[in-house]
Amino acid sequence: MSNQTEPLSQRISRLRDHFLQRFGRKAEVIVRAPGRVNLIGEHTDYNDGFVLPIAIDRNVLLAAARRDDHRVHLVAVDLDDEDEFDVTAPTRSETKAWANYHRGVAAMLQQRGIDLTGADVMFSSNVPIGAGLSSSAAVEVAAAFGFLAISDQEMDRAQMALACQQAEHEYAGVPCGIMDQFISALGRADSALLLDCRDLSYRHVPVPESARIVVADTGVRRALAGSEYRVRRSQCEEAVRLLQSALPGIRALRDVSEAELQQYEHLLPDPIRRRARHVVTENQRVLDTVAALEAGDLRRAGELLIASHHSLRDDYEVSSTELDAMVEAALAAPGCFGSRLTGAGFGGCTVSLVANEAVKDFVRSLAQTYRERTGRDATVYVTRAADGVGLVA
Ligand code: GLA
């Protein structure tokens, strides 16, 4: 990962220089694709539900120039590693897992009828890896946007996000939902994005200027692939199957109201019942948070974030000692409206909604309390909602 505090302009010029040195010619395009933090709506995307992420000012930068021989020469600056493949037939690499994002994206774009040309490609990221801030979605979206730009091809951004999601499924082996790729493709500065993960309709929801979004990394990593994530997904599917005996019209937990769940929860054994309860209540909390943000009611939005964390901790069981400690430290710090784990859980980061004027004190207090309780150092980012993928000048 490149230096996390280096200004964007400096990172861009370093990447340009590096590209020129390595390939002996100038980059034709430079792409920036952001990571994300989810404000609320956790583990709802693969249940056809609602999410409310923001794109953050941490991103992947990718430089590319066209080649005429259908080869892709790929350089991962941060890993000091290279890969090469045929753009018309990208197979999965068994030895270089990092390259499978680019290979997968190239394959999925072509599966959708897009002709790609070869390219020299180089990329670097300052999205922390494995922290639950979607470093991999940012790489996929940067790769897709770069391949399309170099090949003079256009594609609807939602379709591009779907191609990236499929690459993650088939080339990285992670059965993720659509949230991460979608927000990296369609984020907007100073706004969160309310996404309906069933039909992919969305709208941007301005984040009130009086609040800041603070991301705090517990320093504990947990890989998604092959983990409890798959278990949760199948528990949700099981809940739908069991509820269908009483509610034959439902296709996903998205279709179940809180009242219906209460009426039929005897059909669900524990822990399936609690998993379903998290998803059903979380969907409503997303919509309520949007209403609160639009009304400028940060106190209410904060309460919903806290309720989300409790639900993820007790019903969905994806929190951890460190995540709980970080949330408690946030709630005890000045200016905090609310706080919760963000992303898949088990490790990674929390997100807090904090009053603008209290941010400095908040960060100091959060880090200190977290250290006292866990003996670990928190890495804290005060972030702001950024634009989704685009070319940089
Ligand atoms: C990961 C997945 C997302 C989503 C979250 C949990 O980030 O990639 O699709 O399911 O977990 O909300």
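This part covers the nonpolar core. With 84 residues, the main nonpolar core has Leu-52, Leu-109, Leu-133, Phe-147, Met-160 and Phe-182 as its most contacted residues. Element by element, the count of residues in this core is highest for helix 3 (residues 135-150), at ten residues. Each of domain 1 (8-207 + 387-391) and domain 2 (211-383) gives at least three residues to this core. The contact partners of Met-160, leaving out residues within four places of it in the chain, are Val-141, Ala-144, Phe-145, Leu-148, Met-155, Ala-185 and Val-389.

With that settled, consider the sheet that holds strand 5 (residues 81-86). Overall, mixed pairing links the six strands, which are arranged 5-4-6-3-1-13 in an open sheet. With one partner strand each, in any of the chains shown, strand 5 and strand 13 (390-391) form the two edges of the open sheet. One ladder, built from five bridges, connects strand 4 (residues 71-76) with strand 6 (residues 118-125); its direction is parallel. When the bridges of strand 6 are listed, Val-75 appears paired with Met-122. Of the strands in this sheet, strand 1 (29-38), strand 3 (53-67), strand 4, strand 5 and strand 6 touch helix 1 (residues 8-23), which is tilted by about 140 degrees from strand 6.

Before going further, it helps to spend a moment on the packing of helix 6 (residues 228-243) against helix 8 (residues 272-294). Running from N to C, helix 6 and helix 8 point in directions that differ by 95 degrees, and their axes come no closer than 9 Å. Compared by their axis directions, helix 6 and helix 8 come out roughly perpendicular. Here Arg-232, Gln-235, Cys-236, Glu-238 and Ala-239 of helix 6 come into contact with helix 8, specifically with Ile-272, Arg-275, Ala-276 and Val-279. Looking at side-chain class alone, the contact of helix 6 with helix 8 contains five nonpolar, one polar and three charged residues.

Reading the values: the criteria
- Residues numbered from 1 in each chain as written.
- Predicted model: local features only at pLDDT ≥ 70, side-chain atom pairs only at ≥ 80, totals over all residues.
- Heavy atoms only, no water.
- Core = buried A, V, L, I, M, F, W, Y, C linked by side-chain atoms within 4.5 Å.
- Buried < 20%, exposed > 50% of the residue type's maximum accessible area, 1.4 Å probe, protein only.
- Helix = DSSP H or I, 4+ residues; strand = E, 2+ residues; numbered from the N terminus.
- Domains from an automatic or database assignment.
- Contact = heavy atoms within 4.5 Å.
- Pairing = 2+ DSSP bridges.
- Axes fitted to C-alpha atoms, helices over the stretch in contact; angles between N-to-C directions.
- Parallel < 35°, antiparallel > 145°, perpendicular 65-115°, else oblique.
- Nonpolar A, V, L, I, M, F, W, Y, C, P; charged D, E, K, R; others polar.

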